[in-house]
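Examination of the molecular architecture
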Amino acid sequence: MLNVGKIEEGFVLDHIKAGKAMSIYHHLGLSQLDCTVAIIMNARSNIMGRKDILKVECPIDSMDLNILAFIDHNITVNVIKDGAIIEKRALTLPIQIKNVLKCHNPRCITSIEQGLPHIFYLADEQEEIYRCKYCDEKYSETDADFVKDSHSRN
Ligand SMILES: [Zn+2]
């Protein structure tokens, strides 16, 4: 396998669905953080056929990984410290997603008032359904429109 440098401290996000790495890069706000990122696309995978891998060198508590679970909870998160994997982290769906998804209801207050935080809450954990906190509009992946490059989320 292609080896793109060794990480001292950071994350290796493995088993990303092929083609999704750039989207994850944006969701995590990596363009705004001072960290080195290696994106490996279309790597061979025995399980998945093709997959993407994202290597991020950064202090491990500087990044909120909850959003990954929303994007794809099959991603494997390896936490690296002192050059070794210290933890394989399981992903859990975030209870609330702030400033990542955008509500598509034209009558929603977030569509009318600029500057309001876009907040979605986990309405159904089994079905992985998120709804707008303000108008209860269901988020559907088909009209995916993300709040670009935002990294102020809790
Ligand atoms: Zn709404």
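Preceding block: the structure.
This is a predicted model, so every value here is computed, not measured.

Remarks on the packing of aromatic side chains
Evaluation of the coordinates by the stated rule reveals three aromatic pairs. Consider the rings of Phe-70 and Tyr-130, whose centres lie 5.0 Å apart with planes at 90°: the pair is edge-to-face. Note that Phe-70 is positioned in helix H2 (residues 66-71) and Tyr-130 in strand S8 (residues 129-132), a separation of 60 residues in sequence. In this structure, Phe-70 and Tyr-130 share a single accessibility class: buried. Both rings, one in Phe-120 and one in Tyr-139, keep their centres 6.0 Å apart while their planes meet at 80°; by these two values the pair is edge-to-face. Of this pair, Phe-120 sits in strand S7 (residues 119-124) while Tyr-139 sits in the segment after S8, and the two are 19 residues apart along the sequence. Tyr-139 matches Phe-120 in its accessibility class, with the two residues each being buried. Taken together, the ring pairs connect Phe-70, Phe-120, Tyr-130 and Tyr-139 into an aromatic cluster.

Let's talk about the coordination of the zinc ion
The coordination sphere of the zinc ion, as far as protein atoms go, consists of Cys-103 (SG), Cys-108 (SG), Cys-132 (SG) and Cys-135 (SG), spread over 2.2 to 2.3 Å. Classification of the site at the zinc ion as tetrahedral follows from its four donor atoms and the range of 102 to 113° in their angles at the metal. Here the donor residues of the zinc ion are spaced in sequence according to C-x4-C-x23-C-x2-C. The pair Cys-103 / Cys-108 is uniform in exposure class, with both members buried.

Rules and cut-offs
Within each chain, residue numbers correspond to sequence positions counted from 1 in written order. Totals for whole chains, interfaces and linings use every residue, but because this is a predicted model, local features are given only for residues with pLDDT of at least 70 and side-chain atom pairs only at 80 or more, for both listing and counting. With hydrogens and water stripped out, all remaining heavy atoms of the structure feed into the side-chain values. Note on aromatic pairs: the rings of Phe, Tyr and Trp (six-membered ring only in Trp) are paired at centre separations within 6.5 Å, and the planes decide the class, stacked below 30 degrees, edge-to-face beyond 60, tilted for the rest. Starting at the N terminus, helices and strands are each numbered in turn, a helix being any DSSP run of H or I of at least four residues and a strand any DSSP run of E of at least two. Residue exposure (1.4 Å probe, protein chains only): buried if accessible area is under 20% of the type maximum, exposed if over 50%, otherwise partly exposed. Coordinating N, O and S atoms are those within 2.8 Å of the metal (3.2 Å for Na, K and Ca), and as water is not part of the atoms, a site may appear to have fewer donors than expected. Metal sites are grouped by the angles between bound donors: all angles between 85 and 135 degrees with four donors is tetrahedral, opposite donors over 155 degrees apart with the others between 65 and 115 is square planar for four donors and octahedral for six, and any other pattern is irregular.

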